[in-house]
Structure formats: structure tokens, C-alpha cells
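In case you want the letters, here they are:
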Amino acid sequence: MQSAAGGYRWVETYGKVVTRDKNGRAERFAMTHRDITEKKLSDLEADKQRRLLGFINHAQNLFVAQKDLQLACEQIFPELIDLAESEYGFIGKVHYEDDNPCLHIYAISDVSWSEETKKQYELFKQGKLRFTNLNNLFGHVITSNSPVIANAPRKHLASKGTPQGHPVLHRFLGLPIKQFGKAVGVIGLANKAEDYSQNDVNFLTPLTDTLANLFRAVEVEQARYEAEQRLEYLASTDALTGLMNRRAYFNRIQSLTDSEQANLCICIIDIDNFKKLNDTYGHPAGDSVLKEVARVLEHSVRSSDMVARLGGEEFGLILDSGEEQQCSQILDDIMASIRAISIETEKGRIDTTSISVGATLVCRSTQSATTFFDLAMKEADDALYEAKRQGKDRYFWHHQMDTDSPESNQQVAAVTH
């Protein structure tokens, strides 16, 4: 009921029949009216608190299940707008670009009013929407590190107005999401039917605290992922050359066999006379040669190929092709580039670098991964031995081995057993 003062009061009414006539019809009744406004408001507040608690639990469960903060924020956002009795808003997290703060948007109402803003909303759907201009109301939440209540936005000192065509901003509430006392994010709400107040700030504080914890959880999860990636990189990378190491190379071969890749060329590469080079020019010079050979190999292969340092002066090469002519062309180019290496050292210039290569064409066929793996490496190693025996500075295909000689017959029997 509306009171004489113009406000509205909740009233509870009781009525009872006092007397009835001989036919049982009511003749007199009594009624009482009781003002229950305070109780009703208390009940409504308790209901809102229950909704907020359920809302917070929902947000946490979504994040735990999906490990995707933007998706979780998007899914809870409509309920947040309803709970805050607002027309539209956003949730954003502070990021830094070249030491300048910007706001990465995790959830936002679709209030597109032009082609340009439609494109911005599409950027948001792709997870790429950022607000770089913080010289405004929502930016003031970050720079002041405190809530912003603007029930007359045009009169607020931080207000810069709204772009032409933007929905009218009648009221604004900006809530900082804080970690260790510093704003790391913002909840922006707009156009509540009544004025925003400190009560709204207090009511939504548990939510901002929860989002702060979720933001932190995202950072911890990202740091853990990056640490795992770094450890995996270190575990699979040769420290001197930056190439994949022996472990990664063997894992790659086995993963290819498991996927039943039809045809591959597997090579083992050895730097010729490397011990003599180390003894003559010193180990630092030897390291320089290893790095130059690695650079040549890495830049001579395609993205689908793989090159690795197997240890010492030995390298492994996987060419994603079963065509001998194509692989031979790649090996010709590699050998020419290796011969062109020239390194200046304290003991003179090194310009006689060469390599020997053992190559084999393999097909998974019906063999097991282990048998295939062992056979391929044995064939490449035998071909490398033959390339060395024939004078080095060359590549040799396993199928070209002379099967007429007793020594070669023993080798072929061993690899085909």
C-alpha cells in the first residue's frame, strides 16, 4: 500500500466473521492491518543472500569443471544482472600491455548499436575484447582502487559521456575485484531502477571476493601449465643446439609408427672427423660446429620433418616422405650447406666440415611399433657405417648395400630377421 508520505509499505491483513444470521450469512466481521514492511524487507534480503550464495557456488563449480574463466563468467552473467537488478554490465580483468593497464572482458551484455560495436562483441566472443581507455567511469574503479557509485553519471568527475548511439546510462555501479588490496578486475553494472547504494556494494562483496579467488586460480593454473611446458621443453631439447634431443626423437618415431604413417625416411647423420676437429681446434670450436650443423639441418627441412641431436656429433632426421628422389634432393642440399660452413677460431678457420648419412625408407606395414622402431634405426645405422666405409662426406641408402659380400649378407640377415 502507498503511504501518505508517498512510499510503499507491506501490509498484512487478517479478517474474521463476528456474527451470522439464521441462514449462516455473515452480518459483522472484524479486520486488522499490520505493517510488516521491516519483516518483508528482511525476508527479501535473506532470499537475495541465498540466491547470491547459490550463484557463487555455481560460478565456482563451473570454473572447477571447465577450467575456463570466460565461459564460467558468461554462464553466470545473466543471473548476476538479474540479482543486481541491473539492465546491463560487464566483468573484466586487468591485464598489462607494455606496462599500460587495460581491461580484458570476460562477460558483457550485448548492447550493440552499430556495425562497429557488433564487431567488438564478436571480438568478445573470440576472447579478444579489451578496453584500453581507462579514462572513464569504469576505469576510475581501477585507478581509484575503490567502488564507484554514479546515480547521476553526467555529473561524476570521471565521466566522459557515452559514445553516440550507446544506450542511455542512467546509473552506474563499478565494483573493484581485489587481490592483496589492489584492483585486478571490475564488475560494471548499469541502470538499476532505483539508485545504487553502499548496500549494493556490501551485498555483492562476497561475489567480488570469489571472483578475485577465481582470477588467482586462473593465474596459478596458467603458471602451472607454463611450468609444465617449460619442463617438457627442457626434457626434450638439447641444451647446446636447441634441437630436440634423443628422447624426443625416439618418441616421435614411435608416435609415427603408432599412427601407422605409410612411408618415412629415417636418417642418422654423423659429423666426419669430429674428434680430430676437437683435438685440433678445441672443444669451444667443436661446439660451434655442432651448432652450425644443427642450424643448417633445422633450416633445410620442412615443418612436417624433424631433426634432433642424438648425442655427441650424431644427429637424427625424419623426413615425412617415402619418395627416395625427393629425400635425396633434400640430403643433397643439406650436404652442400654443411660443406659451406666456415667458422673462425683462435687456432684458424674451419672450412672443411662434412657429414656422413645413413638413410632408410620404411613402412609400418603389419609390424609392431617396437619391431618397426628397432629395424628402422638398425637399417639407418648400417647404412651410415657403409657411408663411412666408402670414404665419408656422402649419404648411403640401406637398400643399396652390397648383398653379395659375406659381410653384407650378415648385416642384411640381421636387419631382416
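Preceding this section is the structure that the text describes.
Residue positions are counted from 1 within each chain, in the order its sequence is given. Predicted model: local features are reported for residues with pLDDT of at least 70 only, side-chain atom pairs are reported and counted for 80 or more only, and whole-chain, interface and lining totals are derived from all residues. Derived side-chain values reflect all non-hydrogen atoms in the structure, with water molecules and hydrogen atoms excluded from consideration.

**Q** I'd like a description of the pairing of strand 7 (residues 172-179), backed by residues and values.
**A** When accessible area is computed with a 1.4 Å probe and restricted to protein chains, residues below 20% of their type maximum are described as buried, those above 50% as exposed, and intermediate ones as partly exposed. Here a helix means four or more residues in a row that DSSP labels H or I, a strand means two or more in a row labelled E, and each is numbered from the N terminus. Most of strand 7 is tucked away, with seven of its eight residues classed as buried. Here, a strand pair is defined by DSSP locating no fewer than two bridges between the strands. Pairing between strand 6 (residues 148-150) and strand 7: three bridges, direction antiparallel. Opposite I149, over in strand 7, you have L173 as the bridge partner. Sheet analysis places strand 7 next to strand 8 (residues 182-190), joined by eight bridges and oriented antiparallel. Each residue of the ladder has a partner; that of K178, found in strand 8, is A183.

**Q** So what about the pattern of salt bridges? Which residues, and what values?
**A** For salt bridges, the criterion is a side-chain nitrogen of Lys or Arg within 4 Å of an Asp or Glu carboxyl oxygen. Overall, the coordinates contain 22 salt bridges when judged by the stated rule. Notably, a salt bridge pairs R295 with E292, separated by 3.0 Å at the nearest N-O pair. Of this pair, R295 and E292 are both found in helix 8 (residues 283-300), three residues apart, which corresponds to roughly one turn of the helix. The class of E292 is partly exposed, set by a relative accessible area of 26%.

**Q** Lay out the side chain of N245 in plain terms, naming residues and giving numbers.
**A** With respect to the secondary-structure elements, N245 resides in the loop between helix 5 (198-236) and helix 6 (246-258). Look at N245 and you get buried, because its relative accessible area is 15%. Between N or O atoms, a polar contact is any pair within 3.5 Å; within protein, one atom must be a potential hydrogen donor and the other a potential acceptor, and residues adjacent in sequence are included only when both atoms are from side chains. Polar side-chain contacts of N245 include one of 3.3 Å to the backbone nitrogen of R247. We call two residues contacting when some pair of their heavy atoms lies within 4.5 Å. Contact partners of N245, with chain neighbours within four places excluded, come to A235, S236, T237, D238, A308 and R309.

**Q** With reference to specific residues and values, describe the nonpolar core.
**A** The criterion is simple. A nonpolar core is a set of buried Ala, Val, Leu, Ile, Met, Phe, Trp, Tyr and Cys residues joined through side-chain atoms within 4.5 Å. Of all hydrophobic cores here, the largest spans 33 residues; its most connected members are I91, I187, L204 and L207. When contributions to this core are tallied by element, the ones reaching two or more residues are helix 1 (37-66), helix 2 (69-83), strand 4 (100-108), strand 7, strand 8 and helix 5. Sequence-distant contacts of I187, defined by excluding residues within four places in its chain, comprise L80, F90, I91, L173, G174, L175, I177, L207, T208 and L211. Counting 32 residues, the second largest nonpolar core, distinct from the first, contains I269, I271, L277 and V301.

**Q** Go over the pairing of strand 10 (residues 306-311) with me, naming the residues and quoting the values.
**A** Taking burial as the measure, the six residues of strand 10 include five buried ones, the bulk of the element. Two successive antiparallel strands, strand 10 and strand 11 (residues 314-319), enclose a turn made up of two residues, where G312 displays a positive phi of approximately 55 degrees.

**Q** Could you give an account of the sheet that holds strand 15 (residues 395-397), with specific residues and numbers?
**A** If you walk across this open sheet you meet the five strands as 10-11-9-14-15, and the pairing is mixed. Two strands in the sheet have a free side with no partner beyond their single neighbour: strand 10 and strand 15. Taken pair by pair, the neighbouring strands of this sheet meet at an average axis angle of 20 degrees, ignoring direction. Under this scheme, a helix contributes an axis fitted over its contacting stretch, all axes are lines through C-alpha atoms, and angles between N-to-C directions fall in the 0 to 180 degree range.

**Q** Just give me the short version of the sheet that holds strand 4, but keep the residues and values in it.
**A** Strand order in the open sheet made by the six strands is 5-4-3-8-7-6, with antiparallel pairing throughout. Each having just a single partner strand, strand 5 (130-131) and strand 6 make up the two edges of the open sheet.

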